[in-house]
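# Analysis of the macromolecular model
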Amino acid sequence: MAPVVYLVSGANRGIGLGIVAALVARDDVAVFAGVRDLSSADALKDLGAQHPGKLHVVQLVSADKPNNERAISEIKDKHRGSHIISSIAGSIARGTEVPLGFLPYGMSNAAVNYLSKRLHVEYASDGLVSFSIAPGPVMTDLFTGAGALIDSKSVSPDVLSADEVGRRIAKLVEEAKRDDAGGQFLDHSGKKCQW
Ligand SMILES: NC(=O)c1ccc[n+]([C@@H]2O[C@H](COP(=O)([O-])OP(=O)(O)OC[C@H]3O[C@@H](n4cnc5c(N)ncnc54)[C@H](OP(=O)(O)O)[C@@H]3O)[C@@H](O)[C@H]2O)c1
């Protein structure tokens, strides 16, 4: 049986790494882990060594079109058909409650959410399943960094590990159907959220 192919961006740390860890533990998968700096992929190399043949690290940098096209053709040379998970996308659900320094963050999340919905509409005839996931508060560099700006606990009392959220996101993606998840904004348990 041909393996199920996944591409995860922002995969060297944080939620992306948690997603990759959950995916490589499955049977019959080929997981491509996108990183912007190949020299920062030590955790992925360790993971690859534990799951021989399943994990491939590729360079992937937002908006670097020529380089990203090279990465996509490398993936297509090896496998056909893929699930793409962008861990550098994010949620706007609670962004407006956060006071300081988060204007670009909130605006870019709004744009990503629009893109996710747009892809759902534009690629309907291809049967593409495109949706956004709000991971909730997750213990990553981003979360601890935000703690320097805000009182993180007051915004998010229930913080999960990146491995736990990675497992939940991997399951959501694996089970997603276009007529249910397509064009939606889900939390990590699969519940539909407001944009
Ligand atoms: N953690 C939370 O509590 C939380 C809550 C809600 C939403 N989110 C969203 O979830 C996403 C992942 O968050 P995280 O906590 O895992 O963040 P993180 O620990 O800061 O990791 C961010 C990842 O994205 C990569 N990245 C950043 N800019 C990139 C670019 N221009 N091109 C390619 N890769 C890039 C980073 O690569 P480098 O190592 O090279 O920098 C890193 O792998 C973010 O969009 C965030 O907004 C997180």
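Residues numbered from 1 in each chain as written. Predicted model: local features only at pLDDT ≥ 70, side-chain atom pairs only at ≥ 80, totals over all residues.

The protein is annotated in an unreviewed UniProt entry as NAD(P)-binding protein of Punctularia strigosozonata. Of the comments in the UniProt record for the protein, the one headed Sequence similarities (unreviewed entry) reads "Belongs to the short-chain dehydrogenases/reductases (SDR) family." (UniProt positions renumbered as here; feature names shortened; annotations may be inferred.)

Here strand β2 (residues 29-35) runs beside strand β3 (residues 55-59); their pairing, made up of 5 bridges, is parallel. Residue Val31 lies in a different strand from β3, and its bridge partner there is Leu55. Note that the unit made of β2, helix α2 (residues 42-50) and β3 has a crossover that is right-handed. (Pairing = 2+ DSSP bridges. Helix = DSSP H or I, 4+ residues; strand = E, 2+ residues; numbered from the N terminus. Right-handed = clockwise from strand over helix to strand, strands pointing away.)

Turning to the packing of helix α1 (residues 14-24) against helix α7 (residues 162-175), a few remarks are in order. Interhelical geometry of α1 versus α7 gives an angle of 60° and a closest axis separation of 7 Å. Here α1 lies oblique to α7, going by the angle between them. Note that α1 runs across α7; the crossing there is right-handed. Contacts between α1 and α7 involve Gly14, Ile15, Leu17, Gly18, Ile19, Ala21, Ala22 and Leu23 from the former and Ala162, Asp163, Val165, Gly166, Arg167, Ile169 and Ala170 from the latter. (Axes fitted to C-alpha atoms, helices over the stretch in contact; angles between N-to-C directions. Parallel < 35°, antiparallel > 145°, perpendicular 65-115°, else oblique. Left-handed = near helix turned anticlockwise from the far one by under 90°. Contact = placed C-beta atoms within 7 Å.)

Attention now goes to the nonpolar core. The biggest cluster of nonpolar side chains holds 32 residues, and the ones touching the most others in it are Val8, Ile19, Val20, Leu23, Val31, Phe32 and Ala33. Listed by contribution, the elements that provide at least two residues to this core are β1 (4-9), α1, β2, α2, β3 and α7. For this core, the element with the most residues is α1, which contributes 8 residues. Shared between two domains, this core holds at least three residues of each, these being domain 1 (1-88) and domain 2 (95-195). (Core = buried A, V, L, I, M, F, W, Y, C linked by C-beta atoms within 7 Å. Buried ≥ 20, exposed ≤ 12 C-beta atoms within 10 Å, placed from the backbone. Domains from an automatic or database assignment.)

Right, let's talk about the environment of Ala21 for a bit. Of note, Ala21 is situated in helix α1. For Ala21 and Ala11, which are 10 residues apart along the polypeptide, the C-alpha to C-alpha distance reads 9.6 Å. Not counting chain neighbours up to four residues away, the residues in contact with Ala21 comprise Leu47, Asp163 and Gly166.

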